[in-house]
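Residue-level structure breakdown
Here's the letter readout for the chains.
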Amino acid sequence: MKHARSLLLKDQRPLSRKATAMRYSALSLLWNGLRGNRDWRPAWRQPQPKPHYDVIIVGGGGHGLAAAYYLAKEFGIANVAVLEKSYIGSGNVGRNTTIIRSNYLLPGNNPFYELSMKLWEGLERDFNFNAMISQRGVLNLYHSDAQRDAYMRRGNAMRLHGVDAELLDRDDVRRMVPFLDFDNARFPIKGGLLQRRGGTVRHDAVAWGYARGADRHGVDIIQGCEVTGIRRENGRVAGVETSRGFIGCGKLALAAAGNSSEVARMADLKLPLESHVLQAFVSEGLKPFIDGVVTFGAGHFYVSQSDKGGLVFGGDIDGYNSYAQRGNLATVEHVAEAGKAMIPALSRVRVLRAWGGIMDMSMDGSPIIDRTPIDNLYLNAGWCYGGFKATPASGFCFAHLLARGVPHETAAAFRLDRFRRGHLIDEKGQGAQPNLH
Amino acid sequence: MASLVPCPHCGPRPKEEFTIKGAALPRPAPTADPAEWFDYVYLRDNPRGSYAEYWHHTAGCRRWLVVSRDTITHQVAACRDAAAQGHAA
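Just so you know, the residues in each chain are numbered from 1, in the order the chain's sequence is written. Numbering of ligands from 1 and lettering of chains from A proceed in the order in which they are written. Thresholds applied to this predicted model are a pLDDT of at least 70 for local features of residues and 80 or more for the giving and counting of side-chain atom pairs; totals over whole chains, interfaces and linings are not thresholded and use all residues.

1. Structural notes on the overall build of chain B
If you tally the helices and strands in chain B, you get 2 helices and 6 strands. Helix and strand definitions here come from DSSP, where helices need a minimum of 4 consecutive H or I residues and strands a minimum of 2 consecutive E residues; each element is numbered from the N-terminal end. Secondary structure elements in chain B, listed N-terminal to C-terminal, are β-β-β-α-β-β-β-α. Dimensions of chain B along its principal axes, counting C-alpha atoms only, are 40 × 25 × 20 Å. Backbone-placed C-beta atoms define the burial measure: a residue is buried with 20 or more other C-beta atoms within 10 Å of its own, exposed with 12 or fewer, and partly exposed in between. Expressed as a percentage of its 89 residues, the buried residues of chain B come to 22%. Throughout, a residue-residue contact means that the two C-beta atoms, derived from backbone geometry, are no farther apart than 7 Å. In chain B, 50% of the contacts between residues at least 6 apart in sequence involve partners at least 24 apart.

Next up, the structure:
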């Protein structure tokens, strides 16, 4: 938090605070426990939409809620509504595999994700909610000399940006995770790149914590409210048509993740995005087995173990455009094969649940936080499958852009027009092929 | 996603045999305006619903195909040879 404080703005505070939810503390927990837990109040209100807001955020996911929270708390703009077509936590913020890390190579990405990591490190204290943030380490395995060189380059880039990174050899990795198949015939494990500050977070608590925090600062979180149209007058956005009637706004901010293209189409914008399905899996509960997050450098598999004991794992996107929030069995099989190649002991583990989320895959694999050609319309999209770890910084930088009109310094590269200008941020070097990022 | 894709040359084949390229867009002329090329390379309609994509039957006839399917239900409506459609894949 010490690092993050200097990045936050302390000068602007909302004048009034609608204290609708109580502050949580050890004392309040004890007090309510003794009184039979009857006096807890809902963590956020269920307000009716007002006719007009200074800012409307479309999408009550992690990024939309975080943006509303920081707008109200750090930038003094509390007349804000977050419109969510379903319920809070129903989308990708509750569908990811809960990993946080800032192990990026490129200068446009690295400071942004490190800001996010620093915000994670102080988040629970900041929004007074237990998000079970656990910096248990993220280990990326390498299997060849070439891959070792690439990881060494990435680790050095991280350290030059002040991010922690350690290159491990085979013996180091063996001490950490002895149950891997080090002598796999095709992908022998030669070592790994470790970021100890990476880890996992309870993702539902992130949605709830931001929702509660935003609500405490006066933000209206309106669930069950689907945007069906964007009304424009004289080239500016006047407001949104919703399933609960017209709502006017001074600024409109889109944070609709996998549905970004559909929402932007309402304002006649065509985005450099494709929506793809990414699957995730949870196994039956096991005894403590995997301490941190481990990724198979040969691709298509990563795993961690939740505090309840289930293995939480996933692979790559299915590879075809989809809005279905469910994936294909061929990918399930492939992920299981890759997992077993990395950890043979997984072969008899039973999978409890599998699900899919819709990723807003951008054309270079990096996100967009920017203004649009329409003066008071703002866009936050293109998070690919890396949106969860970015939640705090995405919200903060989007709030900065909405309040100040200029990008935050760590998000200055995430421009919408970078594709036209040729300033791509292509972390994987795949080109304009979203299903390969 | 449907598990079987009706290849016009090989009949119904498992999805795993195919490699998916992406949106089946008409390629602009080499002399076309840069704005048109920008649109072709970077911008996508990305609709909820019916969508046409280039698929390569990698483990079959190795022909480029145009697969029309629904992005919500994953149902495949049609599968044609790309050359038969007049597109250069």
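Moving on from the model shown.
2. Quick notes on the packing of helix α4 (residues 110-127) of chain A against helix α10 (residues 391-404) of chain A
Residues and elements named next belong to chain A. Only the contacting stretch of a helix is used when fitting its axis, a line to C-alpha atoms as for every element, and angles between N-to-C directions run 0 to 180 degrees. Where α4 contacts α10, the two axes come as close as 7 Å, and the packing angle between them is 105°. When the axis of α4 is compared with that of α10, the two are roughly perpendicular. Where α4 abuts α10, its residues F112, Y113, L115, S116, L119, W120 and L123 lie against P392, A393 and F396. Three categories are distinguished: nonpolar for Ala, Val, Leu, Ile, Met, Phe, Trp, Tyr, Cys and Pro, charged for Asp, Glu, Lys and Arg, and polar for the others, with Gly belonging to the last. The residue makeup of the contact of α4 with α10, split by class, is 9 nonpolar, 1 polar and no charged. In these notes the angle categories are as follows: under 35 degrees is roughly parallel, over 145 is roughly antiparallel, 65 to 115 is roughly perpendicular, and the rest is oblique.

3. Some details on the sheet that holds strand β4 (residues 50-56) of chain B
All names here are of chain B. Read from one edge to the other, the open sheet built from 4 strands follows the order β3-β4-β5-β6, with strand pairing classed as antiparallel. A strand with exactly one partner marks an edge of an open sheet, and here the two such strands are β3 (19-23) and β6 (76-81). Neighbour-to-neighbour, the strand axes of this sheet turn through a mean angle of 30°, independent of strand direction. One bridge is not enough; two strands pair if DSSP finds at least two bridges between them. Where β3 lies against β4, 4 bridges are found, and the strand directions are antiparallel. Bridged to I20 within β4 is W55.

4. Structural notes on the interface of chain A and chain B
On the chain B side, the residues contacting the 21 residues of chain A number 18 residues. The set of elements that each furnish at least two residues to the side of chain A that touches chain B consists of α8 (260-265), β12 (273-285), β15 (310-321) and α11 (418-421) of chain A. Residue composition of the side of chain A that touches chain B, grouped by class: 9 nonpolar, 8 polar and 4 charged.

5. Focus on unusual backbone geometry
Across residues other than glycine, the phi torsion is negative in most instances, and most of the peptide bonds are trans. Residue and element names in this part refer to chain A. Its identity as a non-glycine residue notwithstanding, N37 has a phi of 55°, on the positive side. Positionally, N37 belongs in the loop between α2 (26-34) and β1 (52-58). Positive phi outside glycine occurs at A257, with the angle close to 50°. Take A257: it is sitting in the loop between β11 (245-254) and α8.

6. With respect to helix α7 (residues 203-216) of chain A
All names here are of chain A. Between its first and last C-alpha atoms α7 spans 20 Å; for 14 residues at 1.5 Å apiece the expected length is 20 Å, and the two agree. For α7, the buried fraction is high: 13 of the 14 residues fall into the buried class. Of the residues one or two after α7, G218 is the one with positive phi, at around 100°. An expected span of 1.5 Å times one less than the residue number is assigned to each helix.

7. A short note on the nonpolar core
Note that soluble globular proteins tend to have their nonpolar side chains buried in a common cluster. In this usage, the nonpolar core is the set of buried Ala, Val, Leu, Ile, Met, Phe, Trp, Tyr and Cys residues whose C-beta atoms join them within 7 Å. Residues I56, A68, L71, V80, A253 and L254 of chain A are the most contacted members of the largest nonpolar core, which totals 121 residues. Not counting residues within four places of it along the chain, the set of residues in contact with A68 of chain A comprises I57, V80, V82, A214 and V219 of chain A. By size, the runner-up hydrophobic cluster in this structure holds 9 residues, among which are W55, L65, V67 and C79 of chain B.

8. Some remarks on the sheet that holds β15 of chain A
All names here are of chain A. With respect to topology, 8 strands assemble into an open sheet ordered β5-β6-β4-β13-β14-β15-β12-β16, the strand pairing being mixed. Whereas interior strands pair on both sides, the edge strands pair on one side only; in this sheet they are β5 (166-169) and β16 (351-362). For this sheet, the mean inter-axis angle between neighbouring strands, taken without regard to orientation, is 25°. Summarising the sheet, strand β13 (residues 293-295) and strand β14 (residues 302-305) pair through 2 bridges and their orientation is antiparallel. Residue pairing in the sheet places T295 in a bridge with Y302 of β14. Its contacts with the sheet place helix α9 (residues 329-342) against β12, β14, β15 and β16, and it is angled at close to 135° to β15.

9. Thoughts on the domain arrangement of chain A
Residue and element names in this part refer to chain A. As assigned here, chain A comprises domain 1 (49-129 + 203-273 + 364-436) and domain 2 (138-198 + 275-362). Note that domain bounds follow an automatic or database assignment of domains. Relative placement of domain 1 and domain 2: their C-alpha centres are 27 Å apart. Where the side of domain 1 that touches domain 2 is concerned, the elements lending two or more residues are β3 (99-100), α4 and α8. When residues in the side of domain 1 that touches domain 2 are grouped by element, the largest group, 4 residues, is from α4.

10. Thoughts on the environment of A257 of chain A
Looking at A257 of chain A, the number of C-beta atoms within 10 Å reads 27, which means it is buried. Residues A257 of chain A and A68 of chain A lie 189 residues apart in sequence; the distance between their C-alpha atoms is 16 Å.

11. Overview of the pairing of strand β6 (residues 191-195) of chain A
Residue and element names in this part refer to chain A. The buried count for β6 comes to 5 of 5 residues, which makes it a mostly enclosed element. The side-chain alternation of β6 yields two buried faces, one formed by G191, L193 and Q195 and the other by G192 and L194. Note that strand β4 (residues 138-142) and β6 share 5 bridges and pair antiparallel. If you follow L141 over to β6, its bridge partner there is G192. Two elements, β5 and β6, share 4 bridges in a ladder whose sense is antiparallel. Residue pairing across strands places E166 opposite L194, the latter belonging to β6.

12. Points about helix α5 (residues 145-160) of chain A
An α-helical turn contains 3.6 residues, so any two residues separated by three or four positions project in the same direction. Residue and element names in this part refer to chain A. With 16 residues, α5 ought to run about 22 Å at 1.5 Å a step, and its terminal C-alpha atoms sit 22 Å apart, in line with that. Among all positions of α5, only Y151, R154, G155 and M158 are buried. Summarising the axial view, the buried residues of α5 lie within an arc of 100°, below the 170-degree limit, and thus occupy one face. Of the residues in α5, the exposed ones pointing more than 90 degrees away from the buried face are D145, A146, D149, R153 and L160. Where the residues of α5 are buried, they touch α4, β4, β5 and β6. Within this analysis, the arc is defined by the directions that extend from the helix axis to the C-beta atoms.

13. Some details on the packing of helix α3 (residues 62-74) of chain A against α7 of chain A
All names here are of chain A. Packing of α3 against α7 leaves a shortest axis separation of 8 Å and a crossing angle of 30°. In this view, α3 runs roughly parallel relative to α7, as classed from their interaxial angle. For the crossing formed where α3 meets α7, the hand is left-handed. Here G62, L65, A66, A68, Y69, A72 and K73 of α3 come into contact with α7, specifically with V206, A207, Y210, A211, G213 and A214. The handedness criterion is simple: a crossing whose near helix is rotated anticlockwise from the far helix by less than a right angle is left-handed, and one whose near helix is rotated clockwise is right-handed.

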